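# Coordinate analysis (summary)
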Amino acid sequence: MTYPHLLKPLDLGFTTLRNRVLMGSMHTGLEEAGDWGRVAAFYGARAKGGVGLIVTGGMAPNKEGAVMPGAAGLFSDEDIANHATVTARVHTEGGKIAMQILHAGRYGFTPECVAPSAIKSPISMFKPNELDEAGIEKQIADIVTAATRAQQAGYDGVEVMGSEGYFLNQFLVTHTNKRVDRWGGSFENRMRLPVEVVKRVRAAVGPEFILIYRLSMIDLTPNGSTWAEVVQLAKAIEAAGASIINSGIGWHEARIPTIATSVPRAAFAWVTKKLMGEVGIPVITSNRINTPEVAEEVLAEGAADMVSMARPFLADAEFVAKAAAGKAALIAPCIACNQACLDHTFSLKMSTCLVNPRACNETELVLQPVEEAKQIAVVGAGPAGLSTAIAAAQRGHNVTLFDAAEKIGGQLNLAKQVPGKEEFKGFVAWYGAMLEDSGVAVKLGKKVQAEDLTGFDEVVIATGAKPRDPEIKGQNLPHVLSYTEVLRGAKVGERVAVIGAGGIGFDICEYLVTGESPTLDLEAWKAEWGVGDPSISRGGLAGNGPQPEPPTRAVTLLQRKSTKLGKGLGKTTGWIHRAALKMKGVQMVGGVIYDEITPEGLVVSDIETREHRRLIEADTIVLCAGQIPERSLADALEAAGISCHIIGGADVASELDAKRAINQGTRLAASL
Ligand code: FAD
Ligand code: NAP
Ligand code: SF4
């Protein structure tokens, strides 16, 4: 497929972008770490990979506007010099880069945070300080200074962050702006600050500097903006001197998922499309666009002039170059899991990518070509083995990959059966394309024994993990199934008890209560979560609220711990899984011991007192009690005196996920 809309240059009058792809802003933690060679390598790789315009992570304009204490910004000449090394590298690679200015307002993780009114957000620790007139003027001046410093550092432009519920957005709606002066009250007053900021930034940087304004097109919060207000603001922002309007979708405090993997692809392009024709400057759409096909489609149907993708550029720096070269099948897909990017950010860890552990580690995890090729056997084509095999072959080794199954993917083939995890299908398909491209010899349907592994210079055991035996009385009854059997299509009854509430227990519940996956049907997904049209209801919250389809089964999910179920799920996605199951009426039971399984169901008691023995009636019981390493081959090799490397679930099964498996596999390949 070719991508005529996506690859078409965009003329901004004073400068031309080489295509319609914007790398959206992401907070990676790189700038805060202070290793500027690493920052330059990260952005330089994306520029080399052909993206039209890069937007950096959000830079704070001042202390009170910082997302958290220590957040990066252009505060000194030294900062300007450091950023100049990044812009120089991007320009050397033929790219363009804009710096995002992010004033967090009441979302700032600091007691110094400021806002239009002293109202704490539901996701914040600190109540903000209400700004007076002088305080507002100071914020504008600091944002303008940040923009002029960005210009001095060699940036091609700035993006003013006006969406996602941050500072400028907080002025726009009465929910957060209770002021009665010229910055509050009527919509003209409430939009005064964003418009003033754009006007003064434009005046300070001159006409030939890209000025993107990120505008909240659908707040997804109570009392959010109406569509008429969105259009009025967009027109005023254009008149104030913006070069481009980017789409912001949902405030951070919104209780509707906007970028998680269960959100349909391009789920919000229809919102941006409503603005097309209302303004004369280019408009960018955003959210859950992760393949060149989807991006091309969005542009071809006239939903936007340009497409923003952020996480896809963590997954693959060469997204655009590969698309342009007709090699889209080789683009590592962002599966929208958040596991190594946003979840890291919220744990104050450097971002990287589950699919591509080299992201943000470009200078440290290097796949050097080898001088002497070795014969390498990799056993197990799950994510650990696949990533080792591909990376080792890319370095020049001769790699043979074995799997007992008839197809590659290991447990990813189970994950992809779960409604809302359809992205795993493309992930496995990508591995297939990469195996072919890198010249790995693949031997499927071959359960490897120790004696098959002679004659190799290196042997890698990536045989994965298998279900833990929970040793519950009655577990051999015919109505007891393991999660593997369920996801491979075993028949399940109407009433189900699921033992174990880890990631797999939650996924099994989702599988058991969902009919058609709403992820594949945008209108169904919008109804499920209560997304409406902002022209009809403020903020785009449907008037009748979420309307989930009824559950296909009655499910009870259980764990022994007394803590909240799902506590260990992803930091940024756990709430979505919990909310989804709650909407489907899944009963969550913690703090129980499993006494026995009987033909009638599951008998449990309170774990602490051993009292309150009761029967949970169930036609089927599903065991999701964790995993243990599959080490039989590793043990046999050890007994035969053959040394091997053990990775992924075969190494450590506890808290195993694909992120760890892939990271370990890639790092091993870099060292072979
Ligand atoms: P596996 O994926 O288990 O692969 C091992 C492979 O080795 C298998 O293909 C097996 O056939 C092969 N094998 C074993 N013995 C032999 C032998 N003797 N000879 C030849 N081949 C052999 N992780 C996440 O990060 N995010 C998620 O959202 C997520 N969702 C999940 C949902 C479900 C339903 C499940 C089951 C898992 C999920 N996981 C998720 C976990 C993730 O899939 C695993 O952590 C990961 O697959 C482990 O990788 P691995 O390569 O170590 O092993
Ligand atoms: P897990 O997260 O370790 O959960 C295991 C569950 O089984 C826990 O609820 C545990 O709770 C219970 N359990 C443990 N030992 C038991 C025993 N002997 N008897 C009964 N119950 C027992 O493992 P998992 O759900 O199997 O998932 C495997 C890995 O896949 C996880 O590490 C996870 O990271 C990954 N995964 C990730 C996602 C994702 O969305 N990121 C999704 C699926 C899987 P109690 O001990 O309290 O009973
Ligand atoms: Fe995408 Fe997951 Fe990688 Fe983040 S960690 S960029 S969501 S694939």
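What counts, and where the lines are drawn
Per-chain numbering applies: the sequence of each chain, read as written, is numbered from 1 onward. Here chains are named by letter from A upward and ligands by number from 1 upward, in the order in which they appear as written. In view of the model being predicted, local features appear only for residues whose pLDDT reaches at least 70, and side-chain atom pairs are presented and counted only at 80 or more, with totals across whole chains, interfaces and linings using the full set of residues. Side-chain descriptors were evaluated using all non-hydrogen atoms of the structure, hydrogens and water having been removed beforehand. The helix count covers DSSP runs of H or I at least four residues long, the strand count covers runs of E at least two residues long, and both are numbered beginning at the N terminus. The atom set for the radius of gyration is the C-alpha atoms, and the globule formula is 2.2 Å times the number of residues raised to the power 0.38. Under the convention used here, a 1.4 Å probe and the Shrake-Rupley method define accessible areas, while residue burial counts only the protein chains that appear. Here the positive residues are Lys and Arg and the negative ones are Asp and Glu; neither His nor the chain ends is included. Throughout, a charge is located at the NZ atom of Lys, the CZ atom of Arg, the CG atom of Asp or the CD atom of Glu. Here's how the labels work: a residue is buried when its accessible area is under 20% of the maximum for its type, exposed when over 50%, partly exposed in between, all with a 1.4 Å probe on protein chains only. One bridge is not enough; two strands pair if DSSP finds at least two bridges between them. Every crossover in which the path from the first strand over the helix to the second runs clockwise, viewed with the strands pointing away from the viewer, is termed right-handed. Only one rule defines a salt bridge in this text: a Lys or Arg side-chain nitrogen within 4 Å of an Asp or Glu carboxyl oxygen. All axes here are fitted lines through C-alpha atoms, helices being fitted over the stretch that makes contact, and every angle between N-to-C directions spans 0 to 180 degrees. Any angle from 65 to 115 degrees is called roughly perpendicular, while one under 35 is roughly parallel, one over 145 is roughly antiparallel, and all others are oblique. The handedness criterion is simple: a crossing whose near helix is rotated anticlockwise from the far helix by less than a right angle is left-handed, and one whose near helix is rotated clockwise is right-handed. Every residue pair with non-hydrogen atoms within 4.5 Å of one another is taken to be in contact. Sulfur atoms of two cysteines make up a disulfide when they are within 2.5 Å. Distances are taken per atom, and a residue is near a molecule or strand as soon as one of its heavy atoms is within 4 Å of it. Two N or O atoms form a polar contact when they lie within 3.5 Å of each other; inside protein one atom must be a possible hydrogen donor and the other a possible acceptor, and for residues adjacent in sequence the pair counts only when both atoms belong to side chains. Three classes are used: nonpolar for Ala, Val, Leu, Ile, Met, Phe, Trp, Tyr, Cys and Pro, charged for Asp, Glu, Lys and Arg, and polar for all others, with Gly counted as polar. Note on terminology: a nonpolar core comprises buried Ala, Val, Leu, Ile, Met, Phe, Trp, Tyr and Cys residues joined through side-chain atoms within 4.5 Å. How far each domain reaches was decided by an automatic or database domain assignment. Put simply, buried area is the surface a 1.4 Å probe can reach on two separate parts but cannot reach once they are joined, added for both. In a helix, the anticipated span is given by 1.5 Å times the number of residues less one.

## Some thoughts on the overall build of the chain
Across its full length, the chain holds 22 helices and 27 strands. The C-alpha atoms of the chain give 26 Å as radius of gyration, which agrees with the globular expectation for 672 residues (26 Å, within 12%). Across its three principal directions, the C-alpha atoms of the chain cover 75 × 65 × 45 Å. As displayed, the chain offers around 26100 Å² of accessible surface, 51% of which is attributable to carbon and sulfur atoms. Distance from the positive charge centre (67 side chains) to the negative charge centre (75 side chains) of the chain: 2 Å.

## Focus: the pairing of strand β5 (residues 97-101)
When you tally the buried positions in β5, you get five out of five residues, the bulk of the element. Residues of β5 alternate between two faces, with Ile97, Met99 and Ile101 on one and Ala98 and Gln100 on the opposite face, all of them buried. Here four bridges tie strand β4 (residues 53-59) to β5, and the two strands are oriented parallel to one another. The residue of β5 that forms the bridge with glycine 58 is glutamine 100. Note that the unit made of β4, helix α3 (residues 77-92) and β5 has a crossover that is right-handed.

## As for the pattern of salt bridges
The tally for this structure, following the rule as stated, stands at 32 salt bridges. The shortest N-O distance in the salt bridge between arginine 495 and aspartate 619 comes to 2.6 Å. Here arginine 495 is found in strand β19 (residues 495-499), whereas its partner aspartate 619 is found in the loop between β24 (614-617) and β25 (620-623), with 124 residues between them in sequence. Judged by relative accessible area, which is 29%, aspartate 619 ranks as partly exposed. Taking the shortest distance from any N to any O, the salt bridge between lysine 526 and glutamate 523 comes out at 3.4 Å. One end of the pair is lysine 526 and the other is glutamate 523, both in helix α19 (residues 522-529) and three residues apart, which spans about a single turn. Three or more residues are tied together by salt bridges with common partners; here these are Glu133, Glu137, Arg182, Glu196 and Arg200.

## Observations regarding the packing of helix α14 (residues 383-395) against helix α22 (residues 658-671)
Packing of α14 against α22 leaves a shortest axis separation of 7 Å and a crossing angle of 25°. Comparing the axis directions of α14 and α22 gives the class roughly parallel. Once α14 is placed against α22, the crossing between them reads as right-handed. Residue-level contacts link Pro383, Ala384, Ser387, Thr388, Ala391, Ala392 and Arg395 of α14 to Ala658, Ala661, Ile662, Gly665, Thr666, Leu668, Ala669, Ala670 and Ser671 of α22.

## Considerations on the state of the cysteines
Taken as a whole and judged by the stated rule, the model has zero disulfides. Here cysteine 624 is not disulfide-linked; the sulfur of cysteine 509 is the nearest cysteine sulfur, at 7.3 Å.

## Points about the sheet that holds strand β10 (residues 244-249)
By way of backbone hydrogen bonds, the strands of a sheet pair with one another, either parallel or antiparallel. Overall, parallel pairing links the eight strands, which are arranged β3-β4-β5-β8-β9-β10-β11-β12 in a closed barrel. Mean inter-strand twist for the sheet, computed between neighbouring axes without regard to direction, equals 30°. Summarising the sheet, strand β9 (residues 210-218) and β10 pair through six bridges and their orientation is parallel. In the strand pairing of β10, isoleucine 218 is matched with isoleucine 249. The strands that α3 touches are β4 and β5; relative to β5, the one it contacts most, it runs at about 145°.

## Considerations on the site of ligand 1
Taken together, the neighbourhood of ligand 1 is formed by 33 residues, with Gln339, Asp403, Lys421, Gly649 and Ala658 sitting nearest. Within the backbone of proline 383, a nitrogen or oxygen atom sits 3.3 Å from an oxygen atom of ligand 1. Residue aspartate 403 places a side-chain N or O atom 2.6 Å away from an oxygen atom belonging to ligand 1. Considered on its own, ligand 1 offers 1000 Å² of accessible surface; in the complex 91% of this is hidden by protein. Looking at the shell around ligand 1, the elements that each hand over two or more residues are α14, α15 (412-415), α18 (503-513) and α22. Here the residues of the shell around ligand 1 are counted per class, giving 17 nonpolar, nine polar and seven charged.

## Describing the packing of helix α4 (residues 133-152) against helix α7 (residues 192-205)
At a closest axis distance of 9 Å, the pairing of α4 and α7 adopts a crossing angle of 35°. Where α4 crosses over α7, the two elements pack in a sense that is right-handed. Where α4 approaches α7, its residues Ile136, Glu137, Ile140, Ile143, Val144, Ala147, Thr148 and Gln151 are matched on the opposing element by Leu193, Glu196, Val197, Arg200, Val201, Ala204 and Val205. Among the residues making up the contact of α4 with α7, the classes are represented as 10 nonpolar, two polar and three charged.

## Notes on the nonpolar core
The biggest cluster of nonpolar side chains holds 156 residues, and the ones touching the most others in it are Phe268 and Phe427. Those residues in contact with phenylalanine 268 that sit more than four places away from it in its chain are Ile218, Leu220, Ile249, Pro257, Thr258, Val263, Thr285, Ser286, Asn287, Trp525 and Val531. Counting residues in each nonpolar core, the second largest holds 23 residues, with Ala501, Leu557, Leu565 and Cys624 among its members.

## A few points about the domain arrangement of the chain
What the domain assignment reports for the chain is domain 1 (22-335), domain 2 (375-467 + 628-671) and domain 3 (480-514 + 551-625). A straight line from the C-alpha centre of domain 2 to that of domain 3 covers 30 Å. Contact with domain 2, which involves seven residues of that partner, is made by eight residues of domain 3. At the boundary of domain 2 with domain 3, total buried surface from both sides reaches about 790 Å², with 74% on carbon and sulfur atoms. Of all residues in domain 2, Leu414, Val418 and Pro419 bury the most surface against domain 3, accounting for 58% of the area lost on that side. Here domain 2 and domain 3 share one salt bridge between them. When the shortest N-O distance is used, the salt bridge between lysine 421 and aspartate 507 registers 2.7 Å. The interface formed by domain 2 and domain 3 includes one residue pair in polar contact (both at pLDDT 80 or more).

## Focus: the environment of glutamine 449
Residue placement: glutamine 449 occurs in the loop between β15 (441-443) and β16 (458-461). Residues glutamine 449 and alanine 636, spaced 187 residues apart in sequence, show a C-alpha to C-alpha distance of 8.0 Å.

## A closer look at the environment of valine 90
Within the secondary structure layout, valine 90 lies in helix α3. With 43 residues separating them along the chain, valine 90 and alanine 47 place their C-alpha atoms 5.6 Å apart.

## Structural notes on α4
Over its 20 residues, α4 extends 29 Å from the first C-alpha to the last, a length consistent with the 28 Å expected when each residue adds 1.5 Å. What α4 keeps buried is the set Gly135, Ile136, Gln139, Ile140, Asp142, Ile143, Val144, Ala146, Ala147 and Ala150. Contacts made by the buried residues of α4 are with β5, β6 (114-115), β8 (157-162), α5 (167-172) and α7. Following α4 by one or two positions, glycine 154 adopts a phi angle in the positive range, close to 95°.

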